[in-house]
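Each chain, letter by letter, is given below.
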Amino acid sequence: MASDITLYWGSGSPFAMRAMMSLEEKGLSGYTSKQITFDKNEHKSDEYLKLNPRGQVPTFKHGDVIVNESLAICLYLERTFKGQGTTLIPDEAGQQALVLQRAVESDNIQSKAFVNMVYYFFTTKAEDRDEALLEEKAKAVREELQIWEGYLAKQGDGSYIAGKDFTLADITLFPFLATLVRMGLRLEGRFPHLASYHEKLKERPSVKASWPPHWKGTTGPGWLNVV
Amino acid sequence: MASNITLYFGPGGGPSMRVQVCLEEKGLSGYNGKLLNTEKNEHKSEEVLKINPRGQFPAMKHGDVAVNDSLAACLYLENAFKNQGTKLLPDNPAQQALVFQRMFEADNISTKAFDGIVWYKIRTKPEYQDEAHLAKKRKDLVEELGFWEGHLAKAEGPYLTGRDFTLADVSFFPMLAILVRLQLPLKERFPRLDSYYMQVKERSSIKSSWPPEWDAKPAPDLLKDV
């Protein structure tokens with residue numbers, strides 16, 4: 001039941017967004033929502049570290065069950081609440097394989113766009129940023145996005161990332177895409193399928209319910225204009 | 001059926017080993033396995049690209065279905081062959097949650113060991129290597145191993161999640177094995193990890209998936225100073 005579920009999350013964390021989207025899609029909107037503020041170091045409190053020794057978000061609790069890896073949370077929810085809400089992992093073998101493949105494959109976006117690029121902006125002062133290095137990183141991001149653009153193009157206009165239905169693969173992809181766009185990535189022109197996919201999913205109820213509060217009414221840093 | 005499954009893999013990769021172990025555990029030892037040579041660019045060959053357009057290992061095909069990311073492949077295999085071989089995912093929801101958690105959490109090991117230390121050492125000329133940077137990365141890896149030592153301490157049995165060998169071990173063990181291969185000293189600081197390693201490496205699926213070059217070539221000492 002939703003009331004037995006607590007989710008600790010941070011505004012702007014794509015991993016937290018995945019967990020929130022899954023909860024919404026499985027009809028569990030009534031979960032207890034606990035926002036963690038990084039500025040106040042709440043993620044390093046003794047109480048929080050007992051739940052998540054890594055001091056990261058999200059942290060998910062369902063009764064005595066605690067799960068912290070975002071994809072593990074999504075898989076757990078899909079299995080435990082199989083009969084309700086949206087079917088996030090299809091039963092048919094070929095479809096299931098594609099959904100699982102794309103879901104895990106999104107790690108590539110994490111490493112190339114977030115770890116290799118966004119993190120560089122966070123940790124390097126503007127005056128110390130190397131133009132040539134940035135372009136190298138931007139190129140890697142462009143190439144990675146081109147792969148996902150290709151996947152969408154192959155599925156056909158108006159489709160989701162793994163076919164005609166919304167699945168777990170969209171839950172793992174969309175938060176990354178939305179965060180990159182927030183940080184200045186421009187999709188129009190070069191990535192038309194990703195652009196319309198982004199526009200479409202932004203309006204989905206589970207996405208709206210999971211939208212980072214501090215994004216509302218503000219613009220993000222233009223760091224990824226360079227991509 | 002095993003004969004419908006093709007797996008292309010490279011030498012000594014953790015992700016490839018995960019899939020091989022999974023295939024063995026599910027009673028699919030008869031799969032078509034092909035060890036390819038990355039040095040000869042075989043990972044970019046037509047036959048691999050047909051299955052994995054990224055030209056990476058592992059590349060797995062079951063009939064018409066391709067699944068290349070190791071954890072996706074393992075989840076797929078456990079489900080497609082649910083009724084045969086070892087049960088790698090328990091039915092009990094709480095137990096299942098723990099298996100999923102540890103399965104994905106294991107990737108922290110490759111991030112901290114490889115992205116943090118190994119690739120840096122291999123790709124940066126010694127005269128440009130920053131010792132302070134490496135020291136921090138070693139500390140991060142030690143902290144990471146501390147988490148896993150703790151997980152084993154809490155486990156109510158010999159495996160990561162307790163009594164049974166599960167997808168958590170399929171995901172984690174190959175990563176640990178690579179650390180040992182790279183000469184990371186486990187025994188003194190991480191006695192539980194050390195005995196887990198010694199015990200699990202005797203499991204027949206692990207023995208069948210052991211990279212041949214680990215027995216043939218001397219071990220690089222990239223993590224000896226951790």
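Let me begin by describing the structure that accompanies this report. As the structure is a prediction and not an experimental result, all values here were calculated from the model.

Thresholds, definitions, all that
Residue numbering note: each chain is counted from 1, following its sequence as written. Note on labels: chains are lettered from A, ligands numbered from 1, in written order. This being a predicted model, a pLDDT of at least 70 is required before a residue's local features are given, and a value of 80 or more before pairs of side-chain atoms are given or counted; all residues contribute to the totals for chains, interfaces and linings. Based on all heavy atoms of the structure, the side-chain values leave hydrogens and waters out of the count. Being paired, for any two strands, means DSSP has found at least two bridges between them. Starting at the N terminus, helices and strands are each numbered in turn, a helix being any DSSP run of H or I of at least four residues and a strand any DSSP run of E of at least two. What counts as an axis is a line fitted to C-alpha atoms, over the stretch in contact for a helix, and the angles between N-to-C directions run from 0 to 180 degrees. Residue contacts are defined here by distance: any two heavy atoms, one from each residue, within 4.5 Å place the two residues in contact. Any two of the Phe, Tyr and Trp rings considered here, Trp counted by its six-membered ring, make a pair once their centres fall within 6.5 Å; the pair's planes then place it as stacked at under 30 degrees, edge-to-face at over 60, or tilted in between. For every residue, the accessible area (1.4 Å probe, protein chains only) is compared with the maximum for its type, and the residue is labelled buried under 20%, exposed over 50%, or partly exposed between those bounds.

## Considering the sheet that holds strand β2 (residues 32-35) of chain B
Residues and elements named next belong to chain B.
And step 1. Taking strand neighbours across the sheet as the criterion, the four strands line up as β2-β1-β3-β4 in an open arrangement whose pairing is mixed. A strand with exactly one partner marks an edge of an open sheet, and here the two such strands are β2 and β4 (65-67). Taking the axes of each pair of neighbouring strands and ignoring which way they run, one obtains an average angle of 15° across the sheet.
And step 2. Alignment of strand β3 (residues 59-62) against β4, held across three bridges, turns out to be antiparallel. The residue of β4 that forms the bridge with M60 is V67.
And step 3. Against the sheet, helix α1 (residues 14-25) makes contact with β1 (5-9) and β3, and its axis sits at roughly 150° relative to β1, the strand it touches most.

## A closer look at the sheet that holds strand β2 (residues 32-35) of chain A
Residues and elements named next belong to chain A.
And step 1. Pairing in this open sheet of four strands is mixed, and the strands run β2-β1-β3-β4 from one edge to the other. Because the sheet does not close on itself, it has two edges, and the strands there are β2 and β4 (65-67). Averaged over all neighbouring strand pairs, the angle between strand axes comes to 15°, with direction disregarded.
And step 2. Here four bridges tie strand β1 (residues 5-9) to β2, and the two strands are oriented parallel to one another. Within β2, the residue paired with L7 across the bridge is S33.
And step 3. Of the strands in this sheet, β1, β3 (59-62) and β4 touch helix α3 (residues 70-80), which is tilted by about 25° from β3.

## Observations concerning the packing of aromatic side chains
And step 1. For the structure on display, the rule yields 17 aromatic pairs over all chains.
And step 2. Centre to centre, the rings of Y120(A) and F121(A) are 6.5 Å apart; their planes meet at 75°, and the pair counts as edge-to-face.
And step 3. For F121(A), a relative accessible area of 6% puts it in the buried group.
And step 4. Between W210(B) and W214(B), the aromatic rings sit 5.1 Å apart at their centres with planes inclined by 90°, giving edge-to-face as the arrangement.
And step 5. In this structure W214(B) comes out as buried when scored by relative accessible area, which is 11%.
And step 6. An aromatic cluster is present here, built from W148(B), F172(B), F173(B), Y196(B) and Y197(B) joined pairwise through their rings.

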